Amino acid sequence: YDKKDASNNFTRNIDAFRPTYVAGYIQDRFNFNDLTFNIGVRVDYFDANQYVLKDKYLLFDAYRAGDQEARNLGSIPTSVGNDYVVYVNSVSNPTQIVGYRNNDQWYDAQGNEIADLTPLLEGGGNSSGIQPFIKNPNDVQNAIVRSDIFKRYDPQVNIMPRIAFAFPISDEANFKAHYDVLTQRPQDGGLLRFNPVSYRSLAQGVSGAVSNPDLKPERTTEYELSFQQRLSRSSAFSISAFYRELRNMIQIINVQYAYPITYSTYGNIDFGTTKGLSFAYDLRRTNNVRMSVS
């Protein structure tokens, strides 16, 4: 955003997408009396290696409650942290604090948590929508996006234990169980890639769906129990119960009350669970017939 050439023109270079990922695992299989264990752990490291917004609600740098400029507008409630974003009655000529925000939680001027943003939208007679305490109001008028609203992607380290064991209940029956944790890094497809042009458009008041370069890996935790019984020399029956929990799944979201305009992007907000039973009957080849039913 800030780099210029010898003629004082912005170069507008856009770097290639070059993520870094490293993975390793260790696993051991061993027997203890009649129990067979298969135990391991996998570690994944993922770094999108690009810039992300420091605050998804702001395209211009704003004052925090701990800054002296904010304290000059009035006393700050003790319940408000120094890193809370300050909202005022006017971007161009602020004279009154009307509220605060900490990540996705909003507060009124007294530091009380709120779900209805009416005090922030209409505080001090303001009727122009949300108004953060912007450090450089001229940037808003000229739609100037600066590099200081971005930070580097925080690398993600995921530790995934995996445990499985089996033991015979009798000569004709067997019991198994396993526990797995699996992660999958965000599939790019344009959802993850940093595109500086998108933020320039948002700063100019052009809304739409943009990518989110700050997406995190999706995570699945799985449990399964199974029992197998031999019915004859050539057939067996099995039953298994499983439970899967899916977290950090990617879904489109609306960033309401972002400044200067509400926009759509993608976030790790979705989740799900899968529960079930499965039954299976296997028949080895007998009189020219082989069968597998589930």
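Reading the values: rules and limits
- Residues numbered from 1 in each chain as written.
- Predicted model: local features only at pLDDT ≥ 70, side-chain atom pairs only at ≥ 80, totals over all residues.
- Heavy atoms only, no water.
- Salt bridge = Lys/Arg side-chain N within 4 Å of Asp/Glu carboxyl O.
- Helix = DSSP H or I, 4+ residues; strand = E, 2+ residues; numbered from the N terminus.
- Buried < 20%, exposed > 50% of the residue type's maximum accessible area, 1.4 Å probe, protein only.
- Core = buried A, V, L, I, M, F, W, Y, C linked by side-chain atoms within 4.5 Å.
- Contact = heavy atoms within 4.5 Å.
- Polar contact = N/O pair within 3.5 Å; in protein donor to acceptor, adjacent residues only side chain to side chain.

For the rest of this paragraph, the subject is the pattern of salt bridges. Applying the stated rule across the entire model yields 11 salt bridges. In this structure, Lys 56 engages Asp 104 in a salt bridge whose closest nitrogen and oxygen atoms are separated by 3.4 Å. You can see Lys 56 sitting in the loop between strand S3 (51-53) and helix H1 (68-71) and its partner Asp 104 sitting in the loop between strand S5 (97-102) and strand S6 (105-108), a full 48 residues away along the chain. Assessed through its relative accessible area of 47%, Asp 104 is described here as partly exposed.

Counting residues in each nonpolar core, the largest one holds 30 residues, and the members touching the most others are Tyr 87, Trp 106 and Tyr 259. Secondary-structure elements contributing two or more residues to this core are strand S4 (85-88) and helix H4 (196-203). Among the elements that take part in this core, H4 stands out by supplying 3 residues, more than any other. Those residues in contact with Trp 106 that lie beyond four places of it in its chain are Tyr 57, Tyr 87, Tyr 100, Arg 101, Asn 112, Glu 113, Ile 114, Leu 117, Leu 120, Ile 130, Gln 256 and Tyr 257. In this structure, Ala 70, Ile 76, Ile 97 and Tyr 100 belong to the second largest nonpolar core, which totals 12 residues.

In this fold, Gln 50 is placed in the loop between strand S2 (35-47) and S3. At 2.8 Å, the side chain of Gln 50 forms a polar contact with the backbone oxygen of Leu 192. With residues near it in sequence (within four places) discarded, Gln 50 still touches Phe 17, Lys 151, Arg 152, Tyr 153, Leu 192, Arg 193, Phe 194 and Pro 213.

Cis geometry marks the peptide bond from Tyr 259 to Pro 260, where omega comes out at 15 degrees. The phi torsion at Asn 49 lies on the positive side, around 55 degrees, for a residue other than glycine. Positionally, Asn 49 belongs in the loop between S2 and S3. We note that Asn 103 has phi near 55 degrees; this positive angle belongs to a residue other than glycine.

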